[in-house]
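# Commentary on secondary and tertiary structure
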Amino acid sequence: MLKIAIIIGSTRPGRRGEAIAHWVHEIAQKRSDAEYEIVDIADFHLPLFDEPKPPIMGQYTKPHTLAWSAAINSFDGYVFVTPEYNHAISGALKNAIDYLFNEWKDKAAGIVSYGGGTGGARAAENLRLILGELNVADVRAQVTLSVFTDFENYSILKPAPHQEAAANTLFDQVVAWSGALKALR
Ligand SMILES: Cc1cc2nc3c(=O)[nH]c(=O)nc-3n(C[C@H](O)[C@H](O)[C@H](O)COP(=O)(O)O)c2cc1C
């Protein structure tokens, strides 16, 4: 069975990302094509990148890196739930991605972005550039949630009706490519 991580890309107290990741996970739970698990980068307490060697060498020295590496390595694909911070992904998510290399390589990913008027579209484009460098195959389908139209009073998540179908299309593509890339790995 394929294993897909739903990664919470914000560590901000009061973050919207947590509710969004749980909504994504609920949709995933109705499917039988993979095992889906939430991965919260906040749980790993990663400091700003503090490994002496570049991650591509895989010579980790810190317990937090080893724990993060083991978690990410155990998945075949990823759904990144990313906020938009200043037209990019959050510093916390970039830092968490930077910690590893081979754990991400030759795997598939989908993006659920959120933010103001563009639903985090610019963060998603930024993430696609980063994933390209890691040899991660990012699928075309995307979910974009706006704090204006997918939240009640900017605080309670109430995704517009079309968003569940968008999430399922995203999962369809992530599962297909995760399976294909497993053969390559
Ligand atoms: C530091 C910071 C920068 C932000 N920059 C943008 C931005 O450039 N574009 C945008 O649409 N929203 C921006 N926002 C709004 C966030 O996308 C929105 O508050 C979102 O809920 C943040 O994710 P979080 O709640 O999971 O931390 C920014 C928010 C923060 C905290």
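A few points on the structure. Small disclaimer: the values here were computed from a predicted structure and weren't measured. (Residues numbered from 1 in each chain as written. Predicted model: local features only at pLDDT ≥ 70, side-chain atom pairs only at ≥ 80, totals over all residues. Heavy atoms only, no water.)

## A closer look at the site of the ligand
In the vicinity of the ligand there are 14 residues, among which Arg12, Arg16, Tyr85, Asn86 and Tyr114 approach most closely. Note that an oxygen atom of the ligand is positioned 2.8 Å from one of the side-chain N or O atoms of Ser10. Here a nitrogen atom of the ligand sits 2.8 Å away from a polar atom, N or O, in the side chain of Glu84. In the complex, the protein chains occlude 74% of the 610 Å² of accessible area that the ligand would expose alone. In terms of residue class, the shell around the ligand is built from three nonpolar, six polar and five charged. (Near = heavy atom within 4 Å. Polar contact = N/O pair within 3.5 Å; in protein donor to acceptor, adjacent residues only side chain to side chain. Areas by Shrake-Rupley, 256 points an atom, 1.4 Å probe, with all protein chains shown as cover. Nonpolar A, V, L, I, M, F, W, Y, C, P; charged D, E, K, R; others polar.)

## Some details on the pattern of salt bridges
Counting across every chain of the model gives 14 salt bridges. Between Arg15 and Glu18 there is a salt bridge, and its shortest N-O distance comes to 3.0 Å. On the basis of relative accessibility, which here comes to 14%, the residue Arg15 falls in the buried class. Since its relative accessible area comes to 35%, Glu18 is described here as partly exposed. (Salt bridge = Lys/Arg side-chain N within 4 Å of Asp/Glu carboxyl O. Buried < 20%, exposed > 50% of the residue type's maximum accessible area, 1.4 Å probe, protein only.)

## Brief notes about helix 3 (residues 91–98)
For helix 3, every residue scored as buried is listed here: Leu93, Asn95, Ala96 and Ile97. Of the surrounding elements, those touching the buried residues of helix 3 are strand 1 (3–8), helix 2 (63–73), strand 3 (77–83) and helix 4 (121–133). (Helix = DSSP H or I, 4+ residues; strand = E, 2+ residues; numbered from the N terminus. Contact = heavy atoms within 4.5 Å.)

## Quick word on the pairing of strand 1
Burial analysis of strand 1 places five of its six residues in the buried class, the great majority of the element. Sheet topology places strand 1 next to strand 2 (residues 35–40); six bridges connect them, and they run parallel. Each bridged residue has a counterpart across the sheet, and for Ile7 the counterpart in strand 2 is Val39. For the crossover from strand 1 across helix 1 (residues 17–29) to strand 2, the handedness is right-handed. (Pairing = 2+ DSSP bridges. Right-handed = clockwise from strand over helix to strand, strands pointing away.)

## Topic: the sheet that holds strand 4 (residues 107–115)
Pairing is parallel across the open sheet formed by five strands, whose spatial order is 2-1-3-4-5. At either end of the open sheet lies a strand with only one pairing partner, and these are strand 2 and strand 5 (136–146). Between one strand axis and the next, the sheet turns through 20° on average, direction left out of account. Here helix 4 sits on the sheet in contact with strand 3, strand 4 and strand 5, set at roughly 165° to strand 5. (Axes fitted to C-alpha atoms, helices over the stretch in contact; angles between N-to-C directions.)

## Considerations on the packing of helix 1 against helix 5 (residues 163–184)
Helix packing geometry: the angle between the two helix axes and the distance between the axes. Close contact between helix 1 and helix 5 brings their axes to 10 Å; oriented N to C, the two are set at 70°. Taken together, helix 1 and helix 5 sit at an angle that is classed as roughly perpendicular. Here the hand of the crossing between helix 1 and helix 5 comes out right-handed. Of the residues in helix 5, those touching helix 1 at Trp23, Val24, Ile27 and Ala28 are Gln163, Glu164, Ala167, Asn168 and Phe171. Taken together, the residues of the contact of helix 1 with helix 5 break down into six nonpolar, two polar and one charged. (Parallel < 35°, antiparallel > 145°, perpendicular 65-115°, else oblique. Left-handed = near helix turned anticlockwise from the far one by under 90°.)

## With respect to the nonpolar core
Ranked by size, the top nonpolar core spans 29 residues in total, and within it Ile6, Ile20, Val79 and Val112 carry the most contacts. Breaking this core down by element, the ones donating at least two residues are strand 1, helix 1, strand 3, strand 4, strand 5 and helix 5. Setting aside its immediate chain neighbours within four residues, Ile6 contacts Ala21, Val24, His25, Ala28, Tyr36, Glu37, Ile38, Val39, Val79, Val81 and Phe171. Core analysis: the next-biggest nonpolar cluster, separate from the first, contains 28 residues, Phe75, Leu100, Phe101 and Ala109 among them. (Core = buried A, V, L, I, M, F, W, Y, C linked by side-chain atoms within 4.5 Å.)

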